Amino acid sequence: MTNVPIEGILLPDEKHNHESPSNWKEYFSFSTDHKVIGIQYLVTSFFFFLVGGIFAMVMRGELMTPESDLVDRTVYNGMFTMHGTVMLFLWTFPSLVGFANYLVPLMIGARDMAFPRLNAVAFWMVPVVGILMMGSFFVPGGPAQAGWWSYPPVSLQNPTGNLINGQVLWLLAVAISGVSSIMGAVNFVTTIVKMRAPGMGFFKMPLFVWAVFSAQIIQLFGLPALTAGAVMLLLDLTAGTAFFDPAKGGNPVMFQHYFWFYSHPAVYVIILPVFGIFSEIFPVYSRKPLFGYKVVAVSSMLIAVVSGIVWVHHMYVSGTPGWMRLIFMMTTMFVSVPTGIKVFAWVATIWGGKMRLNTPMLFALGALVMFVFAGITGIMLSSVPVDVHVNNTYFVVGHFHYVLYGTVTMGLFAAIYHWFPKMTGRMYSESWGKIHFWLAFIGTNLNFLPMHPLGLQGMLRRVASYAPEYQFWNIIASLGGFLLGMSTLPFIFNMVISWMQGEKAPANPWRAIGLEWLVSSPPPVENFEETPIIISEPYGYGKSERLTANLPE
Amino acid sequence: MESYINSHELPHTAAEHTHDEEGNKMFGFIVFLLSESVIFLSFFAGYAIYKTTTPNWLPAGVSGLEIKEPTINTVILVASSFVIYLAERALQRHDLVKFRLFLLATMAMGTYFLVGQAIEWNGLAFGFTSGVFGGTFYLLTGFHGLHVFTGILLQLIILVRSFLPGNYDTGHFGVNATSLFWHFVDVIWIILFILIYVWQ
């Protein structure tokens, strides 16, 4: 079979599928193939997404009525702590690392990651983190209950007196998750810097690769701070040191600095790859080159740099002096500049294009709309007067759920649908995908929009009971939450059925430009028989003479 | 154009591939050290903030730290950085005997440092739980000591490897990385020494 160029894209020979993992058992093995590891990450993290989702359903059930009547308060505290932690450390981080694992080597024309074994070790730490976190439900005193941020002195309380308690297991899990992420970051940065195919300068890299690169640099320089803080808190809890314990002369606000120095940039670690996903999806489904490629690439790095100087905006009410609040208000607001550049670039990309509203495009558009909303409330929260008013209320909860569900999780679904044919060699069902999208889109807005008026009226977060006047919006939010929970069912159904008996996918179902679409679906073990030579920019849609890559004869 | 998906006919020669891997490993190791340095920086920044903001910084009955022994320790540790450099140089000249001797000398100096620190710890009037000062002191020196210990272990590994059969001249990644790690541990100590012992 010969390759037929279509719109400047070489279509590969499709008879070589036998090279890719054909047996499901391989996905349970210690594989060093970046594609297997990528799928391992995705499936594992999706499992934890369901776990975190169940916690959310219980919480929304509890919040249907003003009284605390559905679950015990200890259980409720454990649930909101674990919901936050699981969704961040076991869903968004690992699933995006899964995509990065799967796509980065393919997109840069490499055979694998720079350190395949390190990659596998980093993945297998994720189930360990999960077991430790879930295990904390079964130790005396119950799970960690101090919220995902675990501020002392609340997190230092240990009424059972046991050395092994939920909080200790939680801290160990966070530390292991940090080690795993650092391993991953070293691997990604080395892979991207050292293993790009010939001809692929930095400004010919796909934007998803740029986004992963920027995000992993944040991991390298931010995560050690959280690890330092976690170790010190662990020592306070177990060895009797005084770092954060005010009763012993320690300073609990220091923990907030360690925590937020990483944990605010962590938001960009999650959202930058999602921006990368947008940048891959919008040009394909609009049949237009990405508007302002270089500016979008550089804006990712700018976000990575600025992310290091914004953390104090979480601490406006922690005794931070006024002059410092002013500085961090300005740096925080500055983040909206590179972010805004990206949004305008995506809108300009879609503008006047021939749009195809397939499921990935629907999810990407929905996520973009909700991101714009989240960005606006984000700027509101960065300003000191607003933050002082709504700090610790549901307004903040609404804001970050628009970021973390509306943008990140919806963006992840866009990516799952977009690359599903590549990963599995099968097509998904469009109609089930669209049902999933509309349920999720309506559910998200019904769930998280009411949180904004609730917060403005003063309803505090992390509470199991509240004043009766907040009930109306809480019922709406809970109904939206249940709808959102249900929206996952058509997704699971679609994925399982399509993976088993979906229509066979061609190498390039979306007629996309990009190296990953040059190889068969699913790609063979070592990706490229011969290293491709990059001859043009990655987004030359609509320009028939543009080729992304040439393969040596 | 012929089909191009056949992973069994890789155009790279084995030697080329090994060379790439060595370069990647060194680059990855440097990236890892950069990340490690942020952990130390976090601890250092914490120490500085604690020292300047904590009332009753020193525990009752403690007037400060003795600086004489740690200074000698510092000189020994910094000097060992030059010795491991000499070991690296010797290996480049294929002089395995000198390589092993200099390596042994480095290990001896590192061990001297650790023993000196253990003696110092033993004689101190405060412990890990003596307020924030005790905590940060032992955390910083202990975490650094752990790195010195790791460095000595790495040196032991490359020393043993130099006696094993096989051509030790191809790929000095282990040696270069160990040496780089040792320099890193030294630089960190100099900052730590100034922060804790000089700035009292």
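For the structure, see preceding data.
Every residue gets a number counted from 1 within its own chain, in the order that chain's sequence is written. Whichever chain is written first is A, and whichever ligand is written first is 1; the rest continue in order. In view of the model being predicted, local features appear only for residues whose pLDDT reaches at least 70, and side-chain atom pairs are presented and counted only at 80 or more, with totals across whole chains, interfaces and linings using the full set of residues. Values shown for side chains rest on all heavy atoms present in the structure; no hydrogens or waters enter the calculation.

Draft legend 1. How the structure looks around the overall build of chain B. The helix and strand tally for chain B stands at five helices and zero strands. A run of H or I in DSSP counts as a helix once it spans at least four residues, and a run of E counts as a strand once it spans at least two, with each numbered from the N terminus. In chain B, the succession of α and β elements from N to C terminus is α-α-α-α-α. Only protein chains enter the accessibility calculation, which uses a 1.4 Å probe; a residue is then buried when its area is under 20% of its type maximum, exposed when over 50%, and partly exposed in between. By residue count, 44% of the 200 residues in chain B fall in the buried class. Nonlocal contacts in chain B, meaning residues at least 24 apart in sequence, comprise 79% of its contacts between residues at least 6 apart. Under the convention used here, a 1.4 Å probe and the Shrake-Rupley method define accessible areas, while residue burial counts only the protein chains that appear. Carbon together with sulfur atoms contributes 69% to the accessible area of chain B, which is approximately 10,000 Å² in total. Whether two residues are in contact is decided by their heavy atoms: any pair within 4.5 Å suffices.

Draft legend 2. Summary view of the nonpolar core. Residue and element names in this part refer to chain A. Side-chain atoms within 4.5 Å link the members of a nonpolar core, which is a set of buried Ala, Val, Leu, Ile, Met, Phe, Trp, Tyr and Cys residues. In this structure, F99, M133, F208, F244, F278, F413 and W419 are the most contacted members of the largest nonpolar core, which totals 222 residues. Broken down by element, this core gets its largest block of residues, 20 residues, from helix 2 (residues 73–107). Beyond its immediate stretch of four places on either side in the chain, F278 contacts P283, W346, A364, A367, L368, T407 and G411.

Draft legend 3. Region of the structure containing a nonpolar patch on the surface. All names here are of chain A. Patches here: salt-bridge-free residues with over 30% relative accessible area, like charges joined within 9 Å, nonpolar side chains (Val, Leu, Ile, Met, Phe, Trp, Tyr) joined within 5 Å. Criterion for a salt bridge: a side-chain nitrogen of Lys or Arg within 4 Å of a carboxyl oxygen of Asp or Glu. Taken together, W432, I435, F493, V496, I497 and M500 make up a surface patch of nonpolar side chains, about 530 Å² in accessible area. Within the residue set of the nonpolar patch, elements represented by two or more residues are helix 14 (430–448) and helix 16 (471–501). Exposure remark for M500: the relative accessible area of 54% places this residue in the exposed category.

Draft legend 4. Main features of the packing of aromatic side chains. All names here are of chain A. The pairing test for Phe, Tyr and Trp rings, Trp by its six-membered ring, is centres within 6.5 Å, and the orientation test on the planes gives stacked under 30 degrees, edge-to-face over 60, and tilted for anything in between. One pass over the structure, following the stated rule, counts 75 aromatic pairs over all chains. When the NZ atom of lysine or the CZ atom of arginine is within 6 Å of a ring's centre and also within 35 degrees of its normal, the charge is said to sit over that ring. Above the plane of the ring of F202 lies R196, whose end atom (NZ or CZ) is 4.1 Å from the centre. Against the face of F203 rests K294, its NZ or CZ located 5.1 Å from the ring centre.

Draft legend 5. Inspection of the side chain of S300 of chain A at higher detail. All names here are of chain A. With respect to the element layout, S300 can be found in helix 8 (residues 293–306). What makes S300 buried here is its relative accessible area of 2%. Beyond its immediate chain neighbours, meaning those up to four positions away, S300 contacts W210, A211, S214, L272 and K342.

Interpretation in functional terms is not warranted from these geometric data alone.
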